[in-house]
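Below, each chain spelled out in residue letters.
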Amino acid sequence: MLNFHARTVSAKLMSLKKLVAITFVVLIGFVLIFIFTLFRKMDVIAPELPQLGEWDTPSISIDPDTGLASMEISVLTYNIAALPFPIACGKTSRMTDEAGNRIPIACNRKKGAIDIANALQQLRKQGTEPDIILLQEAFLPVVAEIPDIAGYQNWAAGPGPMDLGPKYSDRASKSFIENRSFWKGEKWGKRQPSGLLVATDFQIVEHINFPFFEWECAGFDCLANKGQTLTRLRIPGLPDLLEVVTAHYNAKGASGVPTERAHEAHRLQLDAALEFLRTTSNFDLPAIWGGDMNMRRSQDRIRYFVQQAGERLNEVSSYCLENPDRCDLNIQDTSDEPWFQTQDLQGWADGVRVSSEPKRMEDIFDQPENGKMLSDHNGFLVVYRLSWPVQDPGF
């Protein structure tokens, strides 16, 4: 009897040892995959510029009372979470199910990117495709397939991992630079591109990439070569080019560093981006901006953004909220401060000849498919009316 009991205990110990060994091997494999993911450089290869394929010709109306011609165009900004495996595993959206649980996104973000491309293709089949799409976290090489699947003739990508800016600017404090942490990813170099992608049915006349200063980042955000792009588009019938700007700024909690360090990186990036626009943008032209601003529920970041952006800052959700008779605000958030509850914002600036006004803002891709969201962000779609004097010889 004792011998049988001893054999039983021995068998159980052997099974336990096997389980521990298998668990250890799986864990080591997962760690190795994670390390390989972090240290592998990846890039998105875009076609050469300029891109002059022309597909969409907006209809133009003329108001006999004002003498203004106008057209409407739509712009989508969307963080698609095209992250390397396994970084996105376990990510959830801010949308909740009937039980109040946050709805997850797919772990396989390569497939997730193709699902998003197919969703955009479906909008085109319905005749409701955005004229311009601004994507963030488009890190994986597969995102180069999105414009083609979605039917966009022209597209450009943001800075790649080798398109480095200077190390740091005079704005960065000595302590910020000296306190860079290897263990938080701040000394590993850029392993991923900016994740920015612009696609459109209009002609891309010029596309300018601006990577943020290489060391002016915080935490694991430093692994991506985040920055800003400025794209000039020729729209049939519009007398001037349209400038389109998109950016993705440093995260807060997700960066893995103390909040104040993440805030300082955000301020440095914003200052660099505004300086770039002051020296590169043509303020005679109308402009539309949008992106993942990473300012959700951060009074400090929003206050600094408003202060630094100055008079030319026109944010869509606040405008639509204040002017319900002129702009339809159809988004999930029903608070008095929708700009405070989201990372994703859009805005505009008038040109000398062409003025702009948002007419509608709405969430899209805000419902789950097969129990999962397409991304951990919703898409934000804005319809703008561009207007100009019809008697202008440029018309």
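The text that follows walks through the structure, step by step, so that each part is easy to find. Just so it is clear, the structure is predicted and the values come from calculations on it, not from any experiment.

Reading the values: rules and limits
- Residues numbered from 1 in each chain as written.
- Predicted model: local features only at pLDDT ≥ 70, side-chain atom pairs only at ≥ 80, totals over all residues.
- Heavy atoms only, no water.
- Disulfide = S-S within 2.5 Å.
- Helix = DSSP H or I, 4+ residues; strand = E, 2+ residues; numbered from the N terminus.
- Buried < 20%, exposed > 50% of the residue type's maximum accessible area, 1.4 Å probe, protein only.
- Pairing = 2+ DSSP bridges.
- Salt bridge = Lys/Arg side-chain N within 4 Å of Asp/Glu carboxyl O.
- Arc of directions from axis to C-beta.
- Contact = heavy atoms within 4.5 Å.
- Phe/Tyr/Trp six-rings, centres within 6.5 Å; stacked < 30°, edge-to-face > 60°.
- Lys NZ or Arg CZ within 6 Å of the ring centre and 35° of its normal.
- Polar contact = N/O pair within 3.5 Å; in protein donor to acceptor, adjacent residues only side chain to side chain.
- Axes fitted to C-alpha atoms, helices over the stretch in contact; angles between N-to-C directions.

## Looking at the state of the cysteines
Phase 1 of the analysis: Applying the stated criterion across every chain yields a total of three disulfides.
Phase 2 of the analysis: Disulfide pairing is shown between Cys89 and Cys107; the S-S distance is 1.7 Å. Linking Cys89 in the loop between strand 2 (68–82) and strand 3 (92–96) with Cys107 in the loop between strand 4 (102–104) and helix 2 (109–126), this pair joins segments that are 18 residues apart in sequence.
Phase 3 of the analysis: On the basis of relative accessibility, which here comes to 32%, the residue Cys89 falls in the partly exposed class.
Phase 4 of the analysis: Across the disulfide from Cys320 sits Cys327; the S-S distance is 1.9 Å. Across the S-S bond linking Cys320 and Cys327, the dihedral sits near 40°, which makes this disulfide right-handed.
Phase 5 of the analysis: Given the relative accessible area of 2%, Cys320 is considered buried.
Phase 6 of the analysis: Each bonded cysteine of the protein is numbered by sequence order, and under that numbering the disulfide pairs are 1-2, 3-4, 5-6.

## Description of the pairing of strand 7 (residues 197–200)
Phase 1 of the analysis: Where burial is concerned, the two faces of strand 7 agree: the one with Leu197 and Ala199 and the one with Val198 and Thr200 are both buried.
Phase 2 of the analysis: Of the strand pairs in this sheet, strand 5 (residues 132–138) and strand 7 are connected by four bridges, and their pairing is antiparallel. Within the sheet, the bridge partner assigned to Ile133 lies in strand 7 and is Ala199.

## Observations concerning the pattern of salt bridges
Phase 1 of the analysis: All told, the structure shown has 18 salt bridges when counted by the stated rule.
Phase 2 of the analysis: A salt bridge links Glu206 to Arg232; the nearest nitrogen and oxygen atoms lie 2.7 Å apart. In this pair, Glu206 is assigned in strand 8 (residues 203–211) and Arg232 in strand 9 (residues 227–234), connecting sequence segments 26 residues apart.

## A look at helix 6 (residues 299–309)
Phase 1 of the analysis: Along helix 6, the residues classified as buried are Arg301, Ile302, Tyr304 and Phe305. Projected down its long axis, helix 6 carries its buried residues within an arc of 165°, all on one side.
Phase 2 of the analysis: On its buried face, helix 6 sits against helix 5 (259–280) and strand 11 (287–292).
Phase 3 of the analysis: Where helix 6 terminates, the next one or two residues include Gly310, which has phi positive at roughly 75°.

## Focus: the environment of Gly237
Phase 1 of the analysis: Tracing the backbone through its elements, the reader meets Gly237 in the loop between strand 9 and strand 10 (242–248).
Phase 2 of the analysis: Put simply, Gly237 and Thr57 are 180 residues apart on the chain and 7.8 Å apart in space, counted from C-alpha to C-alpha.

## Here's the deal with the packing of aromatic side chains
Aromatic ring pairs are defined here through the distance separating the ring centres and the angle between the ring planes.
Phase 1 of the analysis: This structure, assessed with the given rule, holds 10 aromatic pairs.
Phase 2 of the analysis: With a centroid separation of 5.9 Å and an interplanar angle of 70°, the aromatic rings of Trp289 and Phe305 are classed as edge-to-face. Taken as a pair, Trp289 in strand 11 and Phe305 in helix 6 lie far apart in primary sequence, 16 residues in all.
Phase 3 of the analysis: Note that Arg124 overlies the ring of Tyr152, its terminal NZ or CZ placed 4.6 Å from the centroid.
Phase 4 of the analysis: It is Arg180 that lies over the ring of Trp215; its NZ or CZ is 3.9 Å from the centre.

## So, the environment of Glu216
Phase 1 of the analysis: As for its position among the elements, Glu216 is in the loop between strand 8 and strand 9.
Phase 2 of the analysis: Residue classification places Glu216 among the buried positions, given a relative accessible area of 1%.
Phase 3 of the analysis: Apart from residues lying up to four places away in sequence, Glu216 is in contact with Lys167, Tyr168, Ser169, Ala172, Phe176, Ala265, Leu268 and Gln269.
Phase 4 of the analysis: Engagement of the side chain of Glu216 in a polar contact is seen with the side chain of Ser169, the distance being 2.6 Å.

## What to know about the sheet that holds strand 11
Phase 1 of the analysis: On the basis of which strands lie adjacent, the open sheet formed by five strands has the order 8-9-10-11-13 and mixed pairing. Edge positions in the sheet fall to strand 8 and strand 13 (344–349), since each of these pairs with one other strand and no more. Looking at each pair of strands side by side, their axes are set apart by 15° on average, direction ignored.
Phase 2 of the analysis: In this sheet, strand 11 lies alongside strand 10 in parallel orientation, the contact comprising six bridges.

## Digging into the pairing of strand 5
Phase 1 of the analysis: Extensive coverage of strand 5 is indicated by the burial of seven of its seven residues.
Phase 2 of the analysis: Here six bridges tie strand 2 to strand 5, and the two strands are oriented parallel to one another. Directly across from Asn79, in strand 5, lies its bridge partner Gln136.

## Some thoughts on unusual backbone geometry
Working note: non-glycine residues mostly have negative phi, and peptide bonds are mostly trans.
Phase 1 of the analysis: Cis rather than trans, the peptide bond between Leu49 and Pro50 has omega equal to -5°.
Phase 2 of the analysis: Assignment of secondary structure puts Pro50 in the loop between helix 1 (2–39) and strand 1 (61–63).
Phase 3 of the analysis: Between Phe85 and Pro86 the backbone carries a cis peptide bond, its omega angle lying at 5°.
Phase 4 of the analysis: Within the secondary structure layout, Pro86 lies in the loop between strand 2 and strand 3.
Phase 5 of the analysis: The phi torsion at Ala81 lies on the positive side, around 50°, for a residue other than glycine.

## Notes on the side chain of His207
Phase 1 of the analysis: Here His207 lies in strand 8.
Phase 2 of the analysis: On the basis of relative accessible area, His207 is assigned to the buried category, the value being 14%.
Phase 3 of the analysis: A distance of 2.9 Å separates a polar atom in the side chain of His207 from the backbone oxygen of Ala157.
Phase 4 of the analysis: For His207, the side chain forms a polar contact with the side chain of Thr231, separated by 2.8 Å.

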